[in-house]
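Residues per chain are reported as follows:
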Amino acid sequence: MLPFEVMQQVHNEWFSWNQSGLSAVEISHREKNFEAMIHQTKDLLRQLLAIPENYQVIFLQGGATLVWSSLPMNIAWGKKAGYVVSGMWSQKAFNEAKKYLNPDEVANSNCNGFFYDYPNPAKWNINPEYKYLHYCSNETIQGIQFPTIPSIDIPLACDMSSDILSRKIDVTKFGAIYAGAQKNMGVAGLTVLIIRKDWLDLNHEKSNLIPRTLNYQNVSEQKSLVNTPCTFAIYVCNLVLKWLKSLGGVAEIEKINNQKAMLLYDYLDNNDFYQTTIKKEARSKMNVTFKLRNESLQEKFIRESDSSGLKQLKGHRLQGGLRASIYNSMPIAGVETLIDFLEDFAKKNN
Ligand SMILES: *Cc1c(COP(=O)(O)O)cnc(C)c1O
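Predicted model, so just to flag it, every value in this text is computed and none were measured.

Spatially, 7 strands are ordered β1-β11-β10-β9-β6-β2-β3 in an open sheet, and the strand pairing comes out mixed. Bordering the open sheet on either side are β1 (55-60) and β3 (104-108), each of which pairs with just one other strand. Between one strand axis and the next, the sheet turns through 20° on average, direction left out of account. With 4 bridges connecting them, strand β6 (residues 133-136) and strand β9 (residues 156-159) associate as parallel partners. From the neighbouring strand, Leu 133 faces β9, where its bridge partner is Leu 156. Packed onto the sheet, helix α2 (residues 32-49) meets β1 and β11 (191-196) and runs at close to 130° relative to β1.

As structure tokens, then:
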């Protein structure tokens, strides 16, 4: 979901953005004020995540999915890199990387086809020749989140699509952080890449094979305007970041996120009607996965929750069960409403 205030602003200025007489989706990305807005969006990200000077923020297209290709292409083509598999997204990133290098699977927490936990970083065998170690901080489908940034000696590359801006992070631990905008920063169409500047020095033997729109050095030099970007997604991201800043930034939203997750997990833990499946230390604060102890009631649960305004509680098709995504824009009141529904449904169907 998007913050209500952001939806309202998009609605209000739909026909005339910034008093231009044009909609944000009609303006050229080269128009001076629009280009300024694009740069301001990067600046807001820098402020909110305390991104140091030696990092570049660049905007890409193709979602996190295309970064699974462009990251190995740019940084490790034909070289060594390590991959940690903690759920479906990091598994997909690992599979994609195999097209460009021979990546090591440093850890995999798959247990008989399911994931209940994140792999313990203390047990990882890191080859110092790795260009990076890739992992996913929050497995959106399983509802598994690394509670802290793994402490290792080589730079991390992280898919943060579903928990970027949800909690404070130390950017200096990373060579690259990337995220599709649609979970915590707005709508689909924009992919954010935060990358250490020395990683932009591309002169490996394959670099001339990298498409222009995926060549990080080229995208950086052209200020993320190699071709027409998804202007609408950047515009919405700009509004979401301003909303977050006005709320008190990442430190403030982290407190709210902790509170939301605590409320919901506490309720689920204390009610026999429902069951959580992820190990406590690995539980995601963004995607709360659970199921009904009596799974034959699942269809009824989804029908009734949907008609009472609680949308999209069905778990991912590959995971089954139920999932409440409580991203930054979900207010505490939304979680309270869900708990009331859970309580009511349990009473009526017990
Ligand atoms: C949603 C998601 C993706 C897929 O993102 P696209 O933008 O659709 O490519 C990848 N990784 C994570 C962690 C996600 O949550």
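What follows is about the packing of helix α1 (residues 4-12) against helix α6 (residues 231-247). If you want to describe how two helices pack, look at the angle between their axes and the distance between the axes. Look at α1 against α6: their axes get within 9 Å of each other, and the N-to-C directions meet at 135°. With respect to each other, α1 and α6 are oriented oblique. Handedness of the crossing formed by α1 with α6: right-handed. Here Glu 5, Val 6, Gln 9 and Val 10 of α1 lie close against α6, whose contacting residues are Phe 232, Tyr 235, Val 236, Leu 239, Val 240 and Trp 243. Broken down by class, the residue content of the contact of α1 with α6 amounts to 8 nonpolar, 1 polar and 1 charged.

Here the focus is the layout of surface pockets. In this approach the atoms are scanned with a rolling probe the size of a water molecule, which exposes any empty space left behind. Reported here for the largest pocket is a volume of approximately 650 Å³. Met 1, Lys 311, Gln 312, Ser 325 and Met 330 are, among the 24 residues lining the largest pocket, the residues nearest its centre. Those elements that provide at least two residues to the lining of the largest pocket are β14 (322-325) and α9 (332-349). Tallied by class, residues from the lining of the largest pocket come to 12 nonpolar, 8 polar and 4 charged. For the lining of the largest pocket, the two domains that each supply at least three residues are domain 1 (4-247) and domain 2 (250-349). Around the second largest pocket, the lining is made up of 15 residues, and of these Gln 145, Pro 147, Asn 258, Arg 283 and Lys 285 lie nearest the centre. Here the lining of the second largest pocket takes 6 residues from helix α7 (residues 249-269), the largest share from any one element. In the lining of the second largest pocket, the residues fall into 5 nonpolar, 4 polar and 6 charged. For the lining of the second largest pocket, the domains that each give at least three residues are domain 1 (4-247) and domain 2 (250-349).

What follows deals with the domain arrangement of the chain. With domains assigned, the chain is organised as domain 1 (4-247) and domain 2 (250-349). A C-alpha centroid distance of 27 Å is found between domain 1 and domain 2. In this complex, domain 1 contributes 28 residues to the contact, which on the side of domain 2 involves 25 residues. Overall, the association of domain 1 and domain 2 removes approximately 2,200 Å² of surface from exposure, summing both partners, and the carbon and sulfur fraction of that is 56%. On the domain 1 side of the contact with domain 2, Tyr 116, Ile 141 and Gln 145 bury the most area, a combined 21% of that side's loss. Remark: the boundary between domain 1 and domain 2 carries 2 salt bridges. Lys 279 is paired through a salt bridge with Asp 117; the nearest N and O atoms lie 3.2 Å apart.

To continue, consider a nonpolar patch on the surface. A cluster of nonpolar side chains, namely Trp 14, Phe 15 and Val 25, defines an oily patch on the protein surface of about 340 Å² accessible area. In this structure, Val 25 sits in the loop between α1 and α2.

Within the fold, Ser 23 resides in the loop between α1 and α2. A relative accessible area of 4% places Ser 23 in the buried class.

Turning to the site of the ligand, a few remarks are in order. Looking at the ligand, there are 13 residues lining it, with Thr 65, Thr 140, Asp 159, Gln 182 and Lys 183 nearest. Here an oxygen atom of the ligand and a side-chain polar atom of Trp 89 are 3.4 Å apart. One of the side-chain N or O atoms of Thr 140 is found 2.5 Å from an oxygen atom in the ligand. Coverage of the ligand by the protein amounts to 87% of the 380 Å² it exposes when considered alone. The element best represented in the shell around the ligand is helix α3 (residues 63-76), accounting for 4 residues. The residue makeup of the shell around the ligand, split by class, is 4 nonpolar, 7 polar and 2 charged.

What counts and what doesn't
- Residues numbered from 1 in each chain as written.
- Predicted model: local features only at pLDDT ≥ 70, side-chain atom pairs only at ≥ 80, totals over all residues.
- Heavy atoms only, no water.
- Pairing = 2+ DSSP bridges.
- Helix = DSSP H or I, 4+ residues; strand = E, 2+ residues; numbered from the N terminus.
- Axes fitted to C-alpha atoms, helices over the stretch in contact; angles between N-to-C directions.
- Contact = heavy atoms within 4.5 Å.
- Parallel < 35°, antiparallel > 145°, perpendicular 65-115°, else oblique.
- Left-handed = near helix turned anticlockwise from the far one by under 90°.
- Nonpolar A, V, L, I, M, F, W, Y, C, P; charged D, E, K, R; others polar.
- 1 Å grid on protein atoms, 1.4 Å probe; cavity = no way out; pocket = protein on both sides within 12 Å on 5 of 7 lines; lining within 4 Å.
- Points joined across faces, edges and corners; volume = space filled by probe spheres on them.
- Domains from an automatic or database assignment.
- Buried area = accessible area lost by both parts, 1.4 Å probe.
- Salt bridge = Lys/Arg side-chain N within 4 Å of Asp/Glu carboxyl O.
- Patch = residues over 30% accessible without salt bridge, like charges linked within 9 Å, V, L, I, M, F, W, Y side chains within 5 Å.
- Areas by Shrake-Rupley, 256 points an atom, 1.4 Å probe, with all protein chains shown as cover.
- Buried < 20%, exposed > 50% of the residue type's maximum accessible area, 1.4 Å probe, protein only.
- Near = heavy atom within 4 Å.
- Polar contact = N/O pair within 3.5 Å; in protein donor to acceptor, adjacent residues only side chain to side chain.

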